[in-house]
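So you can see what is in the structure, the chains are spelled out below.
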Amino acid sequence: MKTTSVIDYIVQRIADEGVEHCFGVPGDYAFPVGDAVDSNPNIKWIGCSNELNASYAADGYARARGAAMLSTTYAVGELSAINGVMGAKAERSLVFHVVGMPSYQNQRVRKTMHHTFGDGDFLNFINISAQAACSHAVINPDNCMLEMERVIAEARRNNQPAYVVVPSDYAQAPVTPTEVRPLTLTSNEASLKKAVAAIAERIKNAKSVVVLPAFTLSRVGLQKEAREAIEALGCPFATTSMEKCIIDESHPQFAGMYSGVLSPKDTREIVESAEVVIDLGGISLNDETTTGFTTRLDPARFISIGLNDVRIAGQVFGNVRLADTLAALTKLKSPGPRYKRTPGDNPSINGKPSDKITMGALYPRYAKFIRSGDNVVLESGSSSFGVPPMTLPDDVQVHIQMLWGSIGWATGAAFGIALADPKRKTILITGEGSHQLTANEIGNMGRFGANPIILCLNNDGYMVERALEPNPDWSYNDLAKWRYADVPHALGCTDWFTARVETLGELDVALKTARESKSGAYIEVIGGRMDMPQGLAFAHTRLKELYGEA
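Right, let's walk through the structure included here. What you see is a predicted model, and the numbers here were worked out from it, not measured in a lab.

1. What to know about the overall build of the protein
Part 1 of the argument: Scanning the protein for helices and strands turns up 23 helices and 19 strands.
Part 2 of the argument: When the backbone C-alpha atoms are referred to their principal axes, the protein occupies close to 65 × 60 × 50 Å.
Part 3 of the argument: Counting every atom, the protein has about 22400 Å² of accessible surface; 51% of that belongs to carbon and sulfur.

2. Quick word on the sheet that holds strand β1 (residues 21-24)
Part 1 of the argument: One open sheet holds the 6 strands; their spatial order is β2-β1-β3-β4-β6-β5, and the pairing between them is parallel. Sheet topology places β2 (44-47) and β5 (135-138) at the edges, where each strand pairs with a single neighbour. Mean inter-strand twist for the sheet, computed between neighbouring axes without regard to direction, equals 20°.
Part 2 of the argument: Strand contacts of helix α3 (residues 51-65): β1, β3 (68-73) and β4 (95-101), with the helix running at about 165° to β3, the strand carrying the most contacts.
Part 3 of the argument: Packing against the sheet, helix α7 (residues 144-158) makes contact with β4, β5 and β6 (162-167), and its axis sits at approximately 165° to β5.

3. Some words on the packing of aromatic side chains
Part 1 of the argument: Under the defined criterion, the tally for this structure stands at 11 aromatic pairs.
Part 2 of the argument: Ring geometry for F117 against F125: centres 5.2 Å apart, planes inclined by 65°, an arrangement best described as edge-to-face.
Part 3 of the argument: On the accessibility criterion, F117 (61% relative accessible area) is exposed.
Part 4 of the argument: The buried category is assigned to F125, whose relative accessible area is 6%.

4. Overview of the environment of A206
Part 1 of the argument: Locating A206 in the fold gives a position in the loop between α9 (189-204) and β7 (209-213).
Part 2 of the argument: Sequence separation between A206 and A420 is 214 residues, and the spatial gap between their C-alpha atoms is 42 Å.
Part 3 of the argument: With near-sequence residues (within four places) excluded, A206 lies in contact with E275, V276 and P335.

5. Concerning helix α13 (residues 322-329)
Part 1 of the argument: Buried within α13 we find L322, T325, L326, A328 and L329. In a view along the axis of α13, the buried residues occupy a sector of 160°, so they form one face of it.
Part 2 of the argument: Turning to α13, the residues buried within the fold contact α9, α10 (216-219), α11 (223-233), β10 (276-280), β11 (302-305) and β12 (309-312).

6. Focus on unusual backbone geometry
Across residues other than glycine, the phi torsion is negative in most instances, and most of the peptide bonds are trans.
Part 1 of the argument: Non-glycine residue A313 carries a positive phi angle of around 55°.
Part 2 of the argument: In this structure, N451 is a non-glycine residue whose phi angle is positive, near 55°.
Part 3 of the argument: Looking at where N451 falls in the secondary structure, it is placed in the loop between α18 (442-447) and β17 (453-458).
Part 4 of the argument: Since its relative accessible area comes to 21%, N451 is described here as partly exposed.

7. A closer look at the sheet that holds β17
Part 1 of the argument: The parallel open sheet is built from 6 strands, whose spatial order is β15-β14-β16-β17-β19-β18. The two strands at the open ends of the sheet, each matched to only one other strand, are β15 (397-400) and β18 (497-501). On average, each strand axis in the sheet is inclined to that of its neighbour by 15°, with strand direction left out of account.
Part 2 of the argument: In the sheet, β17 pairs with strand β19 (residues 521-526) via 6 bridges, with the strands oriented parallel. If you follow L457 over to β19, its bridge partner there is V525.
Part 3 of the argument: Relative to the sheet, helix α14 (residues 359-369) contacts β16 (426-431), β17 and β19, its axis offset from that of β17 by approximately 175°.

Cut-off values and rules
- The written sequence of each chain sets the order in which its residues are numbered from 1.
- Reporting in this predicted model follows two pLDDT cut-offs: at least 70 for local features of residues, and 80 or more for side-chain atom pairs to be given and counted; totals over whole chains, interfaces and linings ignore these cut-offs and use all residues.
- Here the side-chain values reflect all heavy atoms present in the structure, with hydrogen atoms and water set aside.
- Per the convention used, a helix needs a DSSP run of H or I reaching at least four residues, while a strand needs a run of E reaching at least two, with both numbered from the N terminus.
- Values of accessible area rely on a 1.4 Å probe in the Shrake-Rupley scheme; residue burial ignores everything except the protein chains shown.
- Note on pairing: two strands pair once DSSP finds at least 2 bridges between them.
- Between N-to-C directions, angles cover 0 to 180 degrees, with each direction set by a line fitted to C-alpha atoms, over the stretch in contact for helices.
- Any two residues whose heavy atoms approach within 4.5 Å at even a single point are treated as in contact.
- Stacked, edge-to-face and tilted labels apply to pairs of Phe, Tyr and Trp rings (six-membered ring for Trp) whose centres lie within 6.5 Å, assigned for plane angles under 30 degrees, over 60, and everything in between, in that order.
- Relative accessible area decides the class of each residue, using a 1.4 Å probe on protein chains only: under 20% of the type maximum gives buried, over 50% gives exposed, and in between gives partly exposed.
- Directions drawn from the helix axis to the C-beta atoms are what define this arc.

What follows is the structure, encoded as structure tokens:
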């Protein structure tokens, strides 16, 4: 029987978790990782332009697939990737971050090696990268099999990144055979029973109930189970921008998007007047999703059902898995009348073909352009305020990084999402400021056949930054004036459709052509310097509340 090396075991164990692609940048300490990926028929190497882009792509891939693999080299590589990995942790995206480090032999004799401080200490960076993960391990041949099961189980328990670091000589050594079994995550039956009884008691005595399904449901693939629980309860549900389209918006129990003061009147009344609010998965009521903390929600009314526990008032029921709680909810019923709502229409498509492009005319066109079965990736900034208020078709998946909010994320994430879910068309909607950070990844989109549709808004600078400060005209909000529509061809995507549009007529023609393109498509959309969606314009009036100024 052929002996398995440590790194071959690690790569195959990650592949067993449903991962078919590894995003990364090669480096000499990580050569064994790349070799193992290249020689494994179950996983494909996806080289990225830099480690940050690779981490964003892995985050996107994990959102669509459930887990992802990221490979970087020691210190310079892993630290370049850490922002993207931390974003995955913040928004519960499971990325296995595998780092190759200097050999144990060289560590043992404290050699002065490149990518170090030259002090003979090779553990300087482990604690840093470990902060971006929920579990981590330094692997050697003896602990490999046991440690991989531990970090995988913890990553699955929390649906957050795992950090696996292995010295280059240990990586190529034979793994020590150890009897292991993958850990099955289950609820404590007694705790689950008590939690469900407490939930039932609260619901039974409530005159009105509303559900807020959380973004975490999509990360762990429980949207169907959440919908079934909501249907059994018969009560309305609402979403924040982080949960856009997590359940189809045509659903008769959908009460609209809740965003504090900018919510539709009926939506706000339903959510804020409910006697019981069921937080299904752990919603994030942050400054972005609440439109500058304009919500009126009493925490005492919440039933919070997390990935691993249930919280009601001062009670915490631990070791209770979300899937089990959802199954139990399907057997409960809200005492109030069954809720039914007819979804409203989007703003009408307006403007003459010769008109300049405005945000009021742009986003209704985007909503009409998006089809059932699309993956829509929204960059932090104007698109994350412009698209969510639009009603989108059924079976659309929207990806947005509303909490971590690292600009540039969406371009890399769109690459990962397109590879993870090739049956869907991936549409990236971004602004130019964010796009300039990571646009070089377009070359790899073409190289690996990702073929997204990219809609890049060119409005002469960092418009979201201009909106979030009293004076929008500081020079630091200006950008280099790229010819965006030329970028794909310059980066090797010679068969992509590209266009630069300034009028509504040009935009309509370009959108139609982009949808028909057999390869990728890229449209540079020229907008006004201070023309912004309603939500962003309102944020400009809430600066004191947003930033805590006196």
